Amino acid sequence: MTIKRRGLADTVAGFLRDWSLPRQLAGQDHRRDAARSTMSEGLRPRLEEADRVGTSICPYCAVGCAQLLYAKNGKLIHVEGDPRSPINQGTLCPKGAATFGLLANPNRLTKVKYRAPYATEWEEKPLAWAMERIAQLAKRTRDETFVHKLPSGDIVNHTLGMASLGGATLDNEENYLIKKVFGGGLGLVWIENQARV
Ligand code: SF4
């Protein structure tokens, strides 16, 4: 019987201690003291363990929301919006908020993969090798397909053998440069951006 009484007393004490309603009725602020409980007193900020914080820009679209990246022992533990940014003021859309998953995903490719023509297996290659190969192929294709003059005599100075498809993270300035380098420089006609597709 004593045990039962104590159990009831503990339940009531727990109710008065942890439930917000009685304390709100007693006049405590529901956003501050009345919101505290035994459980919430034991909660710690999830970023408390971080020993380093860096800044970045969300990679997903041209809005360019600023991010704070928290790390512990050199490993990323959290990504959130940077409140100092006039663009996103600490917020991130669901895509940007999922950046942590993009970086921490064990399936993320971090090395160049190359599959030679007719090969069935992928090979790992150095980044410098890949950049050189892309440059060589772009130059070769451009030289092989460049048209100076049409049969009608019209001067066009273009190539229809290559195209450029940009991503949504490209900003105005980058798209300007792409148009200048690929269009004016290489002679590409087909220059498109994911944002318009
Ligand atoms: S994807 Fe979302 S969070 Fe990322 S830059 Fe665009 S609007 Fe901002």
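If you're wondering where the values come from, they're calculated on a predicted model, not measured in any experiment.

Let us now look at the site of the ligand. Around the ligand sit Cys58, Tyr60, Cys61, Val63, Gly64, Cys65, Leu92, Cys93, Lys95 and Gly96, and those are all the residues in its vicinity. Across the shell around the ligand, the residue classes break down as seven nonpolar, two polar and one charged.

Here the structure, examined in full by the defined rule, presents two aromatic pairs. Sitting over the ring of tryptophan 129, lysine 125 keeps its end group 4.6 Å from the ring centre.

So, on to the sheet that holds strand E8 (residues 188-193). Sheet architecture is open: three strands sit in the order E6-E7-E8, paired in mixed fashion. Edge positions in the sheet fall to strand E6 (146-149) and E8, since each has one partner strand and no second. Across this sheet, the average inter-strand angle for adjacent strands is 25°, counted without regard to direction. As paired strands, strand E7 (residues 155-166) and E8 are joined by five bridges and run parallel to one another. Looking at the pairing, glycine 166 lines up with asparagine 193 of E8. Helix H6 (residues 127-145) contacts E6 and E7 of the sheet and is inclined by roughly 145° relative to E7. Along the sheet face, helix H7 (residues 172-186) touches E6, E7 and E8 and points at about 160° away from the line of E8.

Strand order across the open sheet formed by three strands is E1-E2-E3, with antiparallel pairing between neighbours. Two strands lie at the open edges of the sheet, namely strand E1 (52-57) and strand E3 (75-81), each paired on one side alone. Sheet twist, expressed as the mean angle between neighbouring strand axes with direction ignored, is 30°. Two elements, strand E2 (residues 66-72) and E3, share six bridges in a ladder whose sense is antiparallel. Across the sheet, glutamine 67 pairs through a bridge with glycine 81, a residue of E3.

Rules used throughout
Residues numbered from 1 in each chain as written. Predicted model: local features only at pLDDT ≥ 70, side-chain atom pairs only at ≥ 80, totals over all residues. Heavy atoms only, no water. Near = heavy atom within 4 Å. Nonpolar A, V, L, I, M, F, W, Y, C, P; charged D, E, K, R; others polar. Phe/Tyr/Trp six-rings, centres within 6.5 Å; stacked < 30°, edge-to-face > 60°. Lys NZ or Arg CZ within 6 Å of the ring centre and 35° of its normal. Pairing = 2+ DSSP bridges. Helix = DSSP H or I, 4+ residues; strand = E, 2+ residues; numbered from the N terminus. Axes fitted to C-alpha atoms, helices over the stretch in contact; angles between N-to-C directions. Contact = heavy atoms within 4.5 Å.

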